[in-house]
Amino acid sequence: MSGDFSLRPIPARIFADDIESNHEYITMRYAKQDINVLLPTERLRELEQREVIGEVGDRHFSIYDFLTSVEGVRGELALRLISELAEDEIDVALLLPVCELGHQTMSVLQVELEKAGVSSLVIGTDRAAMERVATPRALVAECPNLSMFGQPGNRNMQETILNDALDHLKNA
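Notes on the structure in this doc start here. (Residues numbered from 1 in each chain as written. Predicted model: local features only at pLDDT ≥ 70, side-chain atom pairs only at ≥ 80, totals over all residues. Heavy atoms only, no water.)

**Observations regarding the overall build of the protein**
Then, in step 1: Broken down by element type, the protein carries six helices and five strands.
Then, in step 2: The order of α-helices and β-strands along the protein, N terminus first, is β-α-α-β-α-β-α-β-α-β-α.
Then, in step 3: Within the protein, counting contacts between residues at least 6 apart in sequence, those at least 24 apart form 67% of the total.
Then, in step 4: Accessible surface for the protein amounts to roughly 9000 Å². Of this, 47% is attributable to carbon and sulfur atoms. (Helix = DSSP H or I, 4+ residues; strand = E, 2+ residues; numbered from the N terminus. Contact = heavy atoms within 4.5 Å. Areas by Shrake-Rupley, 256 points an atom, 1.4 Å probe, with all protein chains shown as cover.)

**Examining the nonpolar core**
Then, in step 1: Counting residues in hydrophobic clusters, the biggest one holds 21 residues, and the most contacted among them are Leu 121, Ile 123, Leu 139, Met 148, Phe 149 and Ile 161.
Then, in step 2: Take this core: its biggest share by element is five residues, from helix α6 (residues 155–170).
Then, in step 3: With sequence-adjacent residues up to four places away left out, Ile 161 is seen in contact with Ile 123, Leu 139, Ala 141, Cys 143, Met 148, Phe 149 and Gly 150. (Core = buried A, V, L, I, M, F, W, Y, C linked by side-chain atoms within 4.5 Å. Buried < 20%, exposed > 50% of the residue type's maximum accessible area, 1.4 Å probe, protein only.)

**Focus on the sheet that holds strand β3 (residues 92–95)**
Then, in step 1: In space, the three strands of this open sheet follow the order β3-β4-β5, with parallel pairing throughout. Each edge of the sheet is formed by a strand with only one pairing partner; in this case those strands are β3 and β5 (138–140). This sheet shows a mean twist of 20 degrees between the axes of neighbouring strands, independent of strand direction.
Then, in step 2: Bridging between strand β4 (residues 119–124) and β5 involves three bridges; their strand directions are parallel. Within the sheet, the bridge partner assigned to Gly 124 lies in β5 and is Val 140.
Then, in step 3: This element, helix α4 (residues 100–115), spans β3 and β4 of the sheet and lies at about 170 degrees to β4. (Pairing = 2+ DSSP bridges. Axes fitted to C-alpha atoms, helices over the stretch in contact; angles between N-to-C directions.)

**Comments concerning the pattern of salt bridges**
Then, in step 1: Under the counting rule described, the total for this entry stands at 15 salt bridges.
Then, in step 2: Arg 59 is paired through a salt bridge with Glu 84; the nearest N and O atoms lie 2.4 Å apart. Taken together, the residues Arg 59 in strand β2 (residues 59–62) and Glu 84 in helix α3 (residues 70–87) connect sequence positions 25 residues apart.
Then, in step 3: Judged by relative accessible area, which is 21%, Glu 84 ranks as partly exposed.
Then, in step 4: In this structure, Arg 59 engages Glu 87 in a salt bridge whose closest nitrogen and oxygen atoms are separated by 3.8 Å. In this pair, Arg 59 sits in strand β2 while Glu 87 sits in helix α3, placing the two residues 28 residues apart along the sequence.
Then, in step 5: For Glu 87, a relative accessible area of 56% corresponds to the exposed category.
Then, in step 6: Each of Glu 42, Arg 43, Glu 46, Arg 155 and Glu 159 takes part in a single network of salt bridges with overlapping partners. (Salt bridge = Lys/Arg side-chain N within 4 Å of Asp/Glu carboxyl O.)

**Remarks on helix α2 (residues 41–49)**
Then, in step 1: Burial analysis of α2 places seven of its nine residues in the buried class, which makes it a mostly covered element.
Then, in step 2: Structurally, α2 contributes buried residues whose contacts are with β2 and α6.
Then, in step 3: Positioned one or two residues after α2, Glu 51 has a phi angle of 60 degrees, which is positive.

Following this line, the structure appears as structure tokens:
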């Protein structure tokens, strides 16, 4: 199996200056202006404080999503992620692909997470890719590519996308 099936933990309380990306499909331009466009940590904490959602985990995970081995994603990566989520007592996961192949990776992960009892939703910006890989439960964010949660500083758009995601999960 080829590919990087490792998990990279990200502390839940992270700032844009703390994140670097070596992924050819990620531009940090938007995230450096507002971390919530890529990883909505502040918006999730606000929902937690308002008791809209339960407790946000102490860490998030970054994965290399440009993976061609479905078997590797289904086996090695999914098993590792499921184990870490169980350790953290996480029962809901948002999956955020950043490239076209990433939609396949996240779709395969989603199926495995659901089998393990973790509700999940893929939030992406590439409608065609999500339809092509038949993502089981997905939300298309009508945002600039690589900015799943809208424009930097647009708190209303970020909240709307997260609220749509929550509604999607509740009605699934």
